[in-house]
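Take a look at the letters that make up each chain.
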Amino acid sequence: MARRLRYDIPGPDRRVSIEDVQAKGWEEIFAPDLQPPLRMVLEIGFGRGEFLQALAEASPEVSHVGVEVSWKRVLKMARRLARMDLTNVRLVHGPGESVVAAAISPASLEAVWINFSDPWPKERHHRRRLIQPALVAALAERLVTGGVLHVATDDVDYAEHIDAVLAAEARLQNLWAPARWRPEVPGRPPTAYEREWRAEGRPLHFWAYQRRALAEAARGPAGAALRADCPFGVDEPKRLP
Ligand SMILES: C[S@@+](CC[C@H](N)C(=O)[O-])C[C@H]1O[C@@H](n2cnc3c(N)ncnc32)[C@H](O)[C@@H]1O
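Owing to the predicted nature of the structure, the values given are computational and were not obtained by experimental measurement.

**Examining the overall build of the chain**
Stage number 1. Broken down by element type, the chain carries 10 helices and 8 strands.
Stage number 2. Counting every position in the chain, which comprises 241 residues, the buried fraction comes to 49%.
Stage number 3. Sequence separation of 24 or more characterises 77% of the internal contacts of the chain that already satisfy a separation of 6 or more.
Stage number 4. Carbon and sulfur atoms provide 53% of the accessible area of the chain, an area that totals close to 11900 Å².

This is how it looks when you write it as structure tokens:
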């Protein structure tokens, strides 16, 4: 028999709406758990949330925002977080594209993770794919200089699409060039979907694209800073031009 969904949140409710963010701002939303200036990391499409949890546990001083379009997944993750002492995570229900546009400021993110987003294999559905030039451009604008956009897929056709979209965004540079992507990233915890695809023997593709310095940002010390302490998968951040 299917288990009934439980709606109660057995502890602090870490869910916030776009309207909450617009009214209060992230600093108030993370207070008193984290002190400004906030360092922020975003995961879009966190699914069961185990990767978001691993990120947050690895960097307790960093604020983590998880965005998910599935209301049920947000509820389940909110219930899990309520039972845990993990105070540096907040969840937003909604499409990543809308949340990024409405609730994330330019130059505010140290890292963005998009793991195994739906590949939508039929050609007539390709426009539903999450990785699109407009979202990647919006994320490039919202990353701090030196911040990194991480993307993963198991789907060979979607991999070509992702690679073309990332390579076309002039504000980002491929940290693993001349390789187009990596088939493995040592030390990276697997997501729930990744475990399934690995068990099926599918080829995996991982990207890490770093936000380039703007000419004026490169002159200042903050602009030149590299986020070398980002966990999982940025082993050798490049010197920025
Ligand atoms: C294939 S699952 C991968 C989940 C997880 N990242 C993993 O690797 O196990 C894709 C997830 O992205 C979510 N999703 C799809 N479109 C989205 C969007 N536009 N914004 C945010 N989440 C989205 C889905 O609800 C689903 O949880």
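Picking up after the structure, the text goes on.
**Description of the packing of helix α5 (residues 96-103) against helix α6 (residues 133-142)**
Stage number 1. Remark: α5 packs on α6, axes separated minimally by 10 Å, with the N-to-C direction vectors making an angle of 35 degrees. For the pair α5 and α6, the crossing hand works out as left-handed. Contacts between α5 and α6 involve E97, V100 and A101 from the former and L135, A138, L139 and R142 from the latter.
Stage number 2. In terms of residue class, the contact of α5 with α6 is built from 5 nonpolar, no polar and 2 charged.

**Considerations on the site of the ligand**
Stage number 1. Near the ligand there are 19 residues, and of these G45, E68, G96, N115 and T191 occur at the shortest range.
Stage number 2. Separating a nitrogen atom of the ligand from a backbone N or O atom of V69 is a distance of 3.3 Å.
Stage number 3. Interatomic distance of 3.0 Å between a backbone N/O atom of Y193 and an oxygen atom of the ligand.
Stage number 4. If the ligand stood free it would expose 590 Å²; the protein chains cover 89% of that surface.
Stage number 5. Counting atoms within 2 Å of the grid points, the majority share of the ligand lands in the largest pocket.
Stage number 6. Mapped onto the shell around the ligand, the elements with two or more residues apiece are α5 and α8 (192-199).
Stage number 7. Looking at the shell around the ligand residue by residue, the classes come out as 8 nonpolar, 7 polar and 4 charged.

**A word on the side chain of N174**
Stage number 1. Along the chain, the position of N174 falls in strand β7 (residues 172-174).
Stage number 2. Polar side-chain contacts of N174 include one of 2.8 Å to the backbone nitrogen of W176.
Stage number 3. Within the local environment of N174, its side chain forms a polar contact with the backbone oxygen of A179, the two atoms lying 2.8 Å apart.

**As for helix α4 (residues 71-82)**
Stage number 1. With 12 residues, α4 extends 16 Å from end C-alpha to end C-alpha; this agrees with the ideal 16 Å at 1.5 Å per step.
Stage number 2. Buried residues along α4 sit in contact with β1 (15-16), α3 (50-58), β3 (63-68) and β4 (89-93).

**Re the nonpolar core**
Stage number 1. Counting residues in hydrophobic clusters, the biggest one holds 39 residues, and the most contacted among them are W26, L42, V112, I114, L139 and L149.
Stage number 2. Those residues in contact with I114, other than ones at most four positions away along the chain, are I44, L130, I131, L135, L139, L149, H150, V151 and A152.
Stage number 3. Core analysis: the second largest hydrophobic core is formed by 13 residues, I9, A56, M77 and L91 among them.

**Observations concerning the confidence of the model for the chain**
Stage number 1. Overall, the prediction assigns the chain a mean pLDDT of 91, with 88% of residues at 70 or greater.
Stage number 2. The low-confidence segment residues 216-229, where pLDDT is below 50, has 26 contacts with residues more than four positions distant or belonging to other chains.

Scoring rules and cut-offs
Residues numbered from 1 in each chain as written. Predicted model: local features only at pLDDT ≥ 70, side-chain atom pairs only at ≥ 80, totals over all residues. Heavy atoms only, no water. Helix = DSSP H or I, 4+ residues; strand = E, 2+ residues; numbered from the N terminus. Buried < 20%, exposed > 50% of the residue type's maximum accessible area, 1.4 Å probe, protein only. Contact = heavy atoms within 4.5 Å. Areas by Shrake-Rupley, 256 points an atom, 1.4 Å probe, with all protein chains shown as cover. Axes fitted to C-alpha atoms, helices over the stretch in contact; angles between N-to-C directions. Left-handed = near helix turned anticlockwise from the far one by under 90°. Nonpolar A, V, L, I, M, F, W, Y, C, P; charged D, E, K, R; others polar. Near = heavy atom within 4 Å. Polar contact = N/O pair within 3.5 Å; in protein donor to acceptor, adjacent residues only side chain to side chain. 1 Å grid on protein atoms, 1.4 Å probe; cavity = no way out; pocket = protein on both sides within 12 Å on 5 of 7 lines; lining within 4 Å. Sits in = over half its atoms within 2 Å of the grid points. Expected span 1.5 Å × (residues − 1). Core = buried A, V, L, I, M, F, W, Y, C linked by side-chain atoms within 4.5 Å. pLDDT = per-residue confidence, 0-100.

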